[in-house]
Amino acid sequence: MTTLTESMTATPASNPDTKAAIHRQAGWLSQNNDPTFYWLHQPAEQPVTQLVVLCPPIGYEYVHSHRTLKFLADQLAQAGCCVARLDYPGTGNAGSDLTTPDLVPRWIGAIGALRDDLKRQRPDLPCTLIGLRLGATLAAQALQSGDDLVLIEPVVSGKRLVRELTAASRFSEVQSQSEFIESGGFIYTEATLAALSALAITAPDLQLAGRVLCFSEQPAKPLLSILAQVDAVCQPYQGYAAMMAEPQYTEIPDDLLTQIAGAVVPPVSAPANQPHCERLSVAQPNWSDGRFSETTGTDEFGQFCLITQPVNEQPGASVLVLINSGSVHHVGPNRTYTEFCRAAALQGIPCVRFDMFNLGDSARASVSEENHCYPADANRFVVAMLNDIRQRFPGRDITLGGICSGAHHAMHTALTQPELVQRLAIINPLTFYWRPGLSLDIPRESTTHQDTAYYRQAMRDPKRWLKLLKGQASLGYIAGYGVRFTRKRLAALGDQIAGVLKPIPDTRLNRDLQQLVQAGIEVNFVFSDRDPGWDILADETRLPKTKLARKLGVHIHPVTEANHTFSWFHSRATAAHLLASLAGATPSSSMHSRPGAMPND
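Scoring rules and cut-offs
Residues numbered from 1 in each chain as written. Predicted model: local features only at pLDDT ≥ 70, side-chain atom pairs only at ≥ 80, totals over all residues. Heavy atoms only, no water. Helix = DSSP H or I, 4+ residues; strand = E, 2+ residues; numbered from the N terminus. Buried < 20%, exposed > 50% of the residue type's maximum accessible area, 1.4 Å probe, protein only. Contact = heavy atoms within 4.5 Å. Areas by Shrake-Rupley, 256 points an atom, 1.4 Å probe, with all protein chains shown as cover. Phe/Tyr/Trp six-rings, centres within 6.5 Å; stacked < 30°, edge-to-face > 60°. Lys NZ or Arg CZ within 6 Å of the ring centre and 35° of its normal. 1 Å grid on protein atoms, 1.4 Å probe; cavity = no way out; pocket = protein on both sides within 12 Å on 5 of 7 lines; lining within 4 Å. Points joined across faces, edges and corners; volume = space filled by probe spheres on them. Nonpolar A, V, L, I, M, F, W, Y, C, P; charged D, E, K, R; others polar. Salt bridge = Lys/Arg side-chain N within 4 Å of Asp/Glu carboxyl O. Expected span 1.5 Å × (residues − 1). Axes fitted to C-alpha atoms, helices over the stretch in contact; angles between N-to-C directions. Parallel < 35°, antiparallel > 145°, perpendicular 65-115°, else oblique. Left-handed = near helix turned anticlockwise from the far one by under 90°. Pairing = 2+ DSSP bridges. pLDDT = per-residue confidence, 0-100.

1. Side note on the overall build of the protein
Thought 1: Check the secondary structure of the protein and you find 19 helices and 20 strands.
Thought 2: The proportion of buried residues among the 601 residues of the protein is 57%.
Thought 3: Taking the contacts inside the protein whose residues are at least 6 apart along the sequence as the reference set, 72% of them involve residues at least 24 apart.
Thought 4: Entry remark: accessible area of the protein is about 24400 Å², with carbon and sulfur atoms responsible for 53%.

2. Comments concerning the packing of aromatic side chains
Thought 1: All chains considered together, the criterion is met by 15 aromatic pairs.
Thought 2: Ring centres 6.1 Å apart and planes at 15° place the aromatic pair Phe527 and Trp534 in the stacked group.
Thought 3: Put simply, the rings of Trp28, Phe37, Trp39 and Phe304 pair up and form one aromatic cluster.
Thought 4: Just above the ring of Phe71 sits the side chain of Arg364; from NZ or CZ to the centre is 4.0 Å.
Thought 5: The lysine or arginine in question, Lys545, covers the ring of Trp534, its NZ or CZ lying 5.3 Å from the ring centre.

3. Considering the layout of surface pockets
Unfilled space is identified by rolling a water-sized probe across the atoms.
Thought 1: The computed volume of the second largest pocket comes to approximately 650 Å³.
Thought 2: Arg133, Pro154, Val155, Arg160 and Glu164 are, among the 26 residues lining the second largest pocket, the residues nearest its centre.
Thought 3: Going through the elements one at a time, α1 (60-78), α4 (158-169) and α7 (221-229) are the ones with two or more residues in the lining of the second largest pocket.
Thought 4: Looking at which element gives the most residues to the lining of the second largest pocket, the answer is α4, with five residues.
Thought 5: Grouping the constituent residues of the lining of the second largest pocket by class yields 14 nonpolar, six polar and six charged.

4. Here we look at the environment of Tyr62
Thought 1: Secondary-structure assignment places Tyr62 in helix α1.
Thought 2: Classification of Tyr62 as buried rests on a relative accessible area of 6%.
Thought 3: Residues Tyr62 and Leu134, spaced 72 residues apart in sequence, show a C-alpha to C-alpha distance of 9.7 Å.
Thought 4: If we skip the residues at most four places from it in the chain, Tyr62 touches Pro56, Pro57, Asp87, Gly92, His329 and Val331.

5. Quick word on the pattern of salt bridges
Proximity of charged atoms lets side chains of opposite charge pair with each other.
Thought 1: What the rule picks out here adds up to 22 salt bridges.
Thought 2: Two residues, Asp74 and Arg24, come together in a salt bridge whose shortest N-O distance is 2.6 Å. With Asp74 in helix α1 and Arg24 in strand β2 (residues 21-30), this pair connects stretches of sequence that are 50 residues apart. Both residues of the pair, Asp74 and Arg24, belong to the buried class.
Thought 3: Ionic pairing is found between Asp117 and Arg120, a salt bridge with its closest N-O pair at 3.0 Å. Here Asp117 pairs with Arg120, and both are found in helix α2 (residues 103-121), just three residues apart, close to one helical turn.

6. Side note on helix α12 (residues 405-416)
Given 3.6 residues per helical turn, the α-helix brings residues three or four places apart onto the same face.
Thought 1: Here α12 is twelve residues long and its end C-alpha atoms lie 17 Å apart, about the 16 Å a rise of 1.5 Å per residue gives.
Thought 2: The element α12 is largely enclosed, with a buried count of eleven among its twelve residues.
Thought 3: Residues of α12 that are buried: Ser405, Gly406, Ala407, His408, His409, Ala410, Met411, His412, Thr413, Ala414 and Leu415.
Thought 4: Contact partners of the buried residues in α12: β15 (319-323), α11 (378-392), β17 (398-403), β18 (423-427) and α16 (508-518).

7. Looking at the environment of Gly290
Thought 1: Structurally, Gly290 is set in the loop between β12 (286-288) and β13 (292-298).
Thought 2: Since its relative accessible area comes to 55%, Gly290 is described here as exposed.
Thought 3: As a C-alpha pair, Gly290 and Val311 span 21 residues in sequence and 7.2 Å in three-dimensional space.

8. Quick word on the packing of α2 against helix α3 (residues 134-142)
Thought 1: It is at 9 Å that the axes of α2 and α3 come closest, and there the two elements cross at 70°. Relative to α3, the element α2 is oriented roughly perpendicular. The chirality of how α2 crosses α3 is right-handed. Facing Val104, Trp107, Ile108, Ile111 and Gly112 of α2, the residues of α3 in contact are Leu134, Leu138, Ala139, Gln141 and Ala142.
Thought 2: Each residue belonging to the contact of α2 with α3 can be placed in one class, and the counts come to eight nonpolar, two polar and no charged.

9. Some remarks on the pairing of strand β5 (residues 81-87)
Thought 1: Here β5 lies mainly inside the structure; seven of its seven residues are buried.
Thought 2: Here β5 shows no split at all, with Cys81, Val83, Arg85 and Asp87 on one side and Cys82, Ala84 and Leu86 on the other all buried.
Thought 3: Direction of pairing for strand β3 (residues 35-43) relative to β5: antiparallel, over a ladder of five bridges. Following the sheet pairing, Phe37 is matched in β5 by Asp87.
Thought 4: Sheet analysis places strand β4 (residues 50-55) next to β5, joined by five bridges and oriented parallel. Paired with Val52 across the two strands is Val83, which belongs to β5.

10. Observations concerning helix α19 (residues 569-583)
Thought 1: The terminal C-alpha atoms of α19 lie 21 Å apart, and with 15 residues this matches the ideal 21 Å at 1.5 Å per residue to within 8%.
Thought 2: All of the buried residues along α19 are Ser571, Arg572, Ala575, Ala576, Leu578, Leu579, Ala580, Leu582 and Ala583.

11. Remarks on the confidence of the model for the protein
Thought 1: Chain-level statistics for the protein give a pLDDT mean of 87 and a share of 81% at 70 or above.
Thought 2: Note that residues 1-18 has pLDDT below 50 and, in this model, 61 contacts with residues that lie over four places away or in other chains.

12. A short note on empty space enclosed by the protein
Thought 1: Summed over the entire model, instances satisfying the criterion amount to eight cavities of 30 Å³ or more.
Thought 2: In this model, the largest cavity occupies a volume close to 140 Å³.
Thought 3: Its residues placed into classes, the lining of the largest cavity shows five nonpolar, nine polar and four charged.
Thought 4: In this structure, the second largest cavity encloses a volume near 100 Å³.
Thought 5: Around the second largest cavity, the lining comprises 14 residues; the ones closest to its centre are Tyr62, His66, Arg85, Leu86 and Asp87.
Thought 6: For the lining of the second largest cavity, the secondary structure elements donating two or more residues are β3, α1 and β5.
Thought 7: Examining the composition of the lining of the second largest cavity, we find that four residues originate from one element, α1, more than from any other.
Thought 8: Here the lining of the second largest cavity is built from residues that sort into six nonpolar, five polar and three charged.

This is the structure:
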């Protein structure tokens, strides 16, 4: 049983001179066997003077806002607050999933239960609920008399939110199922949509609050009308779009965070007799659903990890270790890593998902590399975590992997420390050799492959042809793509001719892959059919896709109807089953690339 208790110096990226010791602890709170995951942020050395429950949004907004809400929790802790930052049931590291019945009432109940647990430990302190987007709406429902309430870009009408989610689902390349819609990488059942539609912020809800504060860049008239009824004002700020950008590009809205901290904890003179500094504690350091248990840990660098341990382990199975995908924290894009690890645990595979130093919920110290998904010392950070895992699971093999940048770091760690890794799961890499200046999205040299994957699907869609015939497509871009594609084909033809004379071209990637295989490491590539990864691999190895697995001794596993981050529910389930088989005692390593498995060169 491991509890993460981390004392560290909080250093906001835009203000490196601001330093205060922060104590963080992660754990779960179960209400009716419904575990909510949460973090406690509180001052390490000063007394706690205020209680705060920080309520996130849902769906992709939850993923994108994670960094900002962590910074807000730290800033409030610097000001003397004990902040509970939670994942609702079915989200993040909490229990259950988004198909669970009565999710919306459970979310509201989780906020209330967490608030009550803080008040149980410190009944003498006032409490403030802070919510972002739907989190603000849920906080208003969980509000108790006398609590203060801070709304950040609140969802005033649940019906409007449902319309937005439904409209977004129609842009999906995969048709939603009859029992749920898929929007932004997350599923919403008909029951959940109905419950969301019934939500709204009303003046009677807000009248319970001691104080109501609201922050909105462009408040709509309905919101202003509701606030006026309770004598509350809406404070302007700037930076919403930047704080909700893709995780690797998010920017912290420092002015907003400073305004919130100043409003929640107004400056007061220190009392003559300082109260004691006893910290509040999480309710449970771990949780179990009877089939697997989860607990938290940290290594020598303060890198946070979450360990999923099956009740019935598969004899001889390796430990599956997943590294951040981009700058998304350890739950993974679309909650993929949580789903992957729990699905593997049900097959008897122990799993660890972790945040590299300066990412997600791990410690941060370097301002220049905070939130950077390709740090210069990535290999050193991964090695530190692997050494920690080996102490927790002595004598066990390790299957190391990750999506995108996580795949990159897994491969390079195995190259530098081959004795620590027995199997690799390289999932949808966009580059094998990242360097400063390369795009954090699709590297420029790989855009042809990305376009090829897109046009392969578009050619099968009558709507795309109709759009082309109506002149609504960019003919200039299509023509440019045709030139780039022709050059790639000619280069590939030259490589095939050269391959007659030299079966394995002397490229950097070929040398590295051969080094890994010769070191006894099983190298597995997992490629989505709507991602350019396999094309990039063929390009870098200068080998035809139908032959490179056999020639290099690696294994290729295609996942159909899947994109870069497995945004669609069924593709995540397929990928989860595949990863469990790779990490098992007898991995299905016979799944080499096959002619026709994916489009050939």
